[in-house]
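An overview of the molecular structure
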Amino acid sequence: MSSDLSDYKIIKEGEAEILMHAKNEVFYNKTQVNNRDISIAVLRTFISKRKQEHEAYLSKRTKGAQKASENGDSSELVKEEVPDTTAQEYHKSNGECEVEEEISPEERCSTVEEGSVKVTEECSTAEGHTNLSEGKGKRELKPPRVLEALSASGLRSLRYAREVEGIGQVIAVDNDKASVEACRRNIKFNGSVAASKVESHLDDARVYMLTHPKEFDVVDLDPYGSPSVFLDSAVQSTVDGGMLMCTATDMAVLCGGNGEVCYSKYGSYPLRGKYCHEMALRIVLACIESHANRYKRYIVPVLSVQMDFYLRVFVRIYTSASAMKNTPLKLSYVYQCTGCDSFHLQPIGRTISKNTSVRYLPGFGPVVPQECSDCGKKFNMGGPIWSAPIHDQEWVAAILADVKYMKDRYPAYDRISAVLTTISEELPDVPLFLSLHNLCATLKCTSPSAIIFRSAVINAGYRISGTHVNPLGLKSDAPMDVIWDIMRCWVKNHPVKPQPADQPGSIILAKEPALQANFARAVASLSKAQAKKVARFLPNPERHWGPKLRAGRQITSKHVSLLGPDAINGALNQEDDEEPKK
């Protein structure tokens, strides 16, 4: 390999190093460093949470066994104290526990290593039998197995193996021979730790995942384009309580550029509003949920991020035929007015509770009249989208704390900490958002500052926050008629020029506001991060920051907008040098 090193360039990211050939043979995207860093942060938190869930399960089981032994009838009461739901919780935290194993008294008294923590199991052999409180079901939590379904150079897998403590085996799969060769070369180049943990396989990712059902604690999908063809097999290969990490880079399709293509890939129709990037996140989540439901499974999102030119979602997958019935309550259609910024959500399902039984029924509708009550225009309908929370704020806080604690370990620390800080301040239960500039464009008026507008909403008794997707976006649980009343009151103090009577803005302003807005500055109008002047939206670190050229394509001068003039000139000069040798 040393004789060939002149043909390669060494790229270091985090603690991993890879060899990249001078030609564009294997795809490597420098701009995805944000993606890889945030994935490592989530993976560290997942390992920590998984261990906590396992310990909580053992504690609950121990208490149940102790109560049973105190009452003298262990066989019956253990079942009462530790119901099936507890077993299900353990399946969630550790998918290896499909079948209980018989454990001998000697094994029960042994010291078991859980990751880096040793747990000594106490044992009581009074009257010739083992104490039930430390008995069956107390078993070792195995290190998580990770599958990178589309590995390319293997950089992501190598970073997982070298940087994440407590990780088990990492399987890197690709169906391109050049990529697998590069991955194996990089595994050797990264030394014994990488060689002992990372395996590279030449295989179709879909076939590999289908032939390894419920085997991986973490499945990572980062395709070049749409992940839709991999989702069905990915949800089947993830253990109960495991994590699915999924990237989508086809933002033009997801944001409404080709609505019919989006529907064919994801089963949802996008709308081209200012909230289109958040809607893209919710479309992908609804699609993953749809695939999971086919196997009596459902998802719980822990973090959903849209940044740069892609989106990235992190969801946990559980199996439960009864919990799966709640899916229609988490999905909604979106009605977007064609004249103004008013939008409304139509839930697909609803429930009626009577005593202890729950009935699932279709949602009430329609939520909107034929014409918009604000401006009189028609509605476009999009969706269905995921309308439940797209983040778990407890997870976000834990991930952000880990990132700040280990800031030197993250090459893209500034960017990912800014994004996570903004996400931590989002309203979790408010789907989509408004754009203050769009509201003002509809009315043809000057824009109030974000602080003034936030204060008016808060003083009216509603909540409001920013969004990580758009610096100008505002999430609020205030209904649209309240939003327009606030804008009418603003325009009364800041008059606009007369507009044609049939314009949406003229129709909205013709109505008298039912609510008298109070623009006095509210204490909560600034978020904690804003008050402390913490950066939340950072510029790109360099010019031409975006998706790079797909592997195998020849670099030419037309790619200057993707790679930059320096990269193009370097590639062309190299080709000129190679010609005389030939």
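Residues numbered from 1 in each chain as written. Predicted model: local features only at pLDDT ≥ 70, side-chain atom pairs only at ≥ 80, totals over all residues. Heavy atoms only, no water.

1. Focus on the overall build of the protein chain
Looking only at helices and strands, the protein chain features 22 helices and 19 strands. Approximately 27,400 Å² of the protein chain is accessible, and the part contributed by carbon and sulfur atoms is 51%. (Helix = DSSP H or I, 4+ residues; strand = E, 2+ residues; numbered from the N terminus. Areas by Shrake-Rupley, 256 points an atom, 1.4 Å probe, with all protein chains shown as cover.)

2. Re the nonpolar core
Counting residues in hydrophobic clusters, the biggest one holds 81 residues, and the most contacted among them are Met 209, Leu 244, Leu 254, Ile 288, Leu 311, Phe 453 and Met 487. In terms of residues, this core owes the most to one element, helix H12 (residues 276–293), which gives eleven residues. In this structure, Phe 453 is in contact with Leu 436, Leu 439, Pro 448, Ile 464, Leu 474, Ile 483, Ile 486 and Met 487, ignoring residues within four places of it in sequence. Counting 50 residues, the second largest nonpolar core, distinct from the first, contains Ile 11, Ile 167, Phe 309 and Phe 314. (Core = buried A, V, L, I, M, F, W, Y, C linked by side-chain atoms within 4.5 Å. Buried < 20%, exposed > 50% of the residue type's maximum accessible area, 1.4 Å probe, protein only. Contact = heavy atoms within 4.5 Å.)

3. Description of a nonpolar patch on the surface
A cluster of nonpolar residues, Leu 329, Val 358 and Tyr 360, forms a patch on the protein surface that exposes about 240 Å² of accessible area. Following the sequence through the fold, Tyr 360 ends up in strand S15 (residues 357–362). (Patch = residues over 30% accessible without salt bridge, like charges linked within 9 Å, V, L, I, M, F, W, Y side chains within 5 Å. Salt bridge = Lys/Arg side-chain N within 4 Å of Asp/Glu carboxyl O.)

4. Observations concerning unusual backbone geometry
Pro 366 follows Gly 365 through a cis peptide bond whose omega is -5 degrees. Along the chain, Pro 366 falls in the loop between S15 and strand S16 (379–386). Phi at Lys 214 is positive, roughly 50 degrees, even though this residue is not glycine. Within the secondary structure, Lys 214 is located in the loop between helix H8 (205–210) and strand S8 (216–221). Even without being a glycine, Leu 432 presents a positive backbone phi close to 60 degrees. If you trace the backbone, Leu 432 turns up in the loop between helix H15 (413–424) and strand S17 (434–435). For Leu 432, a relative accessible area of 1% gives the class buried.

5. Comments concerning the sheet that holds S16
Reading across the sheet, the three strands line up as S13-S12-S16 and stay open at both edges, with antiparallel pairing between neighbours. The open sheet has two free edges, formed respectively by strand S13 (343–347) and S16, since each of these has just one partner strand. Each strand axis lies, on average, 25 degrees off the axis of its neighbour in the sheet, ignoring direction. As judged from the five bridges shared by strand S12 (residues 331–337) and S13, these two strands associate in the antiparallel manner. Among the inter-strand pairings, Val 334 is bridged to a residue of S13, identified as Leu 345. Along the sheet, H12 makes contact with S12 and S16, crossing S16 at roughly 55 degrees. (Pairing = 2+ DSSP bridges. Axes fitted to C-alpha atoms, helices over the stretch in contact; angles between N-to-C directions.)

6. A closer look at the pattern of salt bridges
For the coordinates displayed, the defined rule picks out 24 salt bridges. Between Arg 159 and Asp 37 there is a salt bridge, and its shortest N-O distance comes to 2.7 Å. Placement of the pair is Arg 159 in helix H5 (residues 155–163) and Asp 37 in helix H1 (residues 33–71), with a sequence separation of 122 residues. With respect to class, Arg 159 is no different from Asp 37; both count as buried. Residue Glu 394 pairs with Lys 49 through a salt bridge whose shortest N-O separation is 3.0 Å. On the criterion of sequence distance, the pair formed by Glu 394 in helix H14 (residues 393–405) and Lys 49 in helix H1 is long-range, its members being 345 residues apart.

7. Here we look at the pairing of S16
Across the eight residues that make up S16, a large majority, six, are buried. Note: S12 against S16, six bridges, orientation antiparallel. Bridging across to S16, Ser 332 finds its partner in Ile 385.

8. Quick notes on the sheet that holds S17
If you walk across this open sheet you meet the three strands as S17-S19-S18, and the pairing is antiparallel. Of all strands in the sheet, those with a lone pairing partner are S17 and strand S18 (464–465), marking the two edges. Of the pairings in the sheet, the one linking S18 to strand S19 (residues 473–476) comprises two bridges and is antiparallel in character. Paired with Ile 464 across the bridge in S19 is Ser 476.

9. Here we look at the confidence of the model for the protein chain
On average, residues of the protein chain carry a pLDDT of 84, and 81% of them reach 70 or more. Across residues 74–137, confidence stays below pLDDT 50; counting only partners more than four residues off in sequence or on other chains, it has 110 contacts. Every residue in residues 578–582 scores below 50 in pLDDT, and together they form one contact with partners more than four places removed in sequence or on other chains. (pLDDT = per-residue confidence, 0-100.)

10. What to know about the packing of helix H16 (residues 436–443) against helix H18 (residues 480–493)
Closest axis-to-axis distance for the H16/H18 pair is 11 Å, and the angle between their directions is 60 degrees. As far as their axial angle goes, H18 and H16 are oblique. Seen along the crossing, H16 lies across H18 with a hand that is right-handed. From H16, Leu 436, Leu 439, Cys 440, Thr 442 and Leu 443 reach across to H18, where they touch Ile 483, Trp 484, Met 487 and Val 491. Among the residues making up the contact of H16 with H18, the classes are represented as eight nonpolar, one polar and no charged. (Parallel < 35°, antiparallel > 145°, perpendicular 65-115°, else oblique. Left-handed = near helix turned anticlockwise from the far one by under 90°. Nonpolar A, V, L, I, M, F, W, Y, C, P; charged D, E, K, R; others polar.)

11. Comments concerning helix H17 (residues 450–459)
By the burial criterion, the buried members of H17 are Phe 453, Arg 454, Ser 455, Ala 456 and Val 457. Looking at the buried side of H17, the elements it contacts are H16, S18, S19, H18 and helix H20 (528–531). Just downstream of H17, Gly 461 is the residue with a positive phi angle, here 95 degrees.

12. Looking at the environment of Met 324
Within the element layout of this structure, Met 324 appears in the loop between strand S11 (310–319) and helix H13 (327–330). For the pair Met 324 and Arg 294, spaced 30 residues apart in sequence, the C-alpha to C-alpha distance is 9.7 Å. If near-sequence neighbours (up to four positions away) are discounted, Met 324 is found in contact with Asn 293, Lys 296, Arg 297 and Tyr 298.

13. Regarding the packing of aromatic side chains
Scanning the entire structure with this criterion turns up six aromatic pairs. Here the aromatic rings of Tyr 208 and Phe 216 are separated by 6.3 Å at their centres, their planes lie at 35 degrees, and the arrangement is tilted. With respect to class, Tyr 208 is no different from Phe 216; both count as buried. Taking the centre distance of 5.7 Å and the plane angle of 45 degrees together, the rings of Tyr 298 and Tyr 318 count as tilted. In this pair, Tyr 298 sits in strand S10 (residues 297–307) while Tyr 318 sits in strand S11, placing the two residues 20 residues apart along the sequence. Stacked on the ring of Phe 364, the Lys or Arg Arg 350 has its end atom at 3.6 Å from the ring centre. (Phe/Tyr/Trp six-rings, centres within 6.5 Å; stacked < 30°, edge-to-face > 60°. Lys NZ or Arg CZ within 6 Å of the ring centre and 35° of its normal.)

14. Some words on the packing of H1 against H5
Two elements in contact, H1 and H5, have axes whose closest approach is 11 Å; the angle formed by their N-to-C orientations is 35 degrees. Our pair here, H1 against H5, has a crossing hand that is right-handed. Facing Val 33, Asn 35, Arg 36, Asp 37, Ser 39, Ile 40, Leu 43 and Arg 44 of H1, the residues of H5 in contact are Leu 155, Arg 156, Arg 159, Tyr 160 and Glu 163. Of the residues contributing to the contact of H1 with H5, the split by class is five nonpolar, two polar and six charged.

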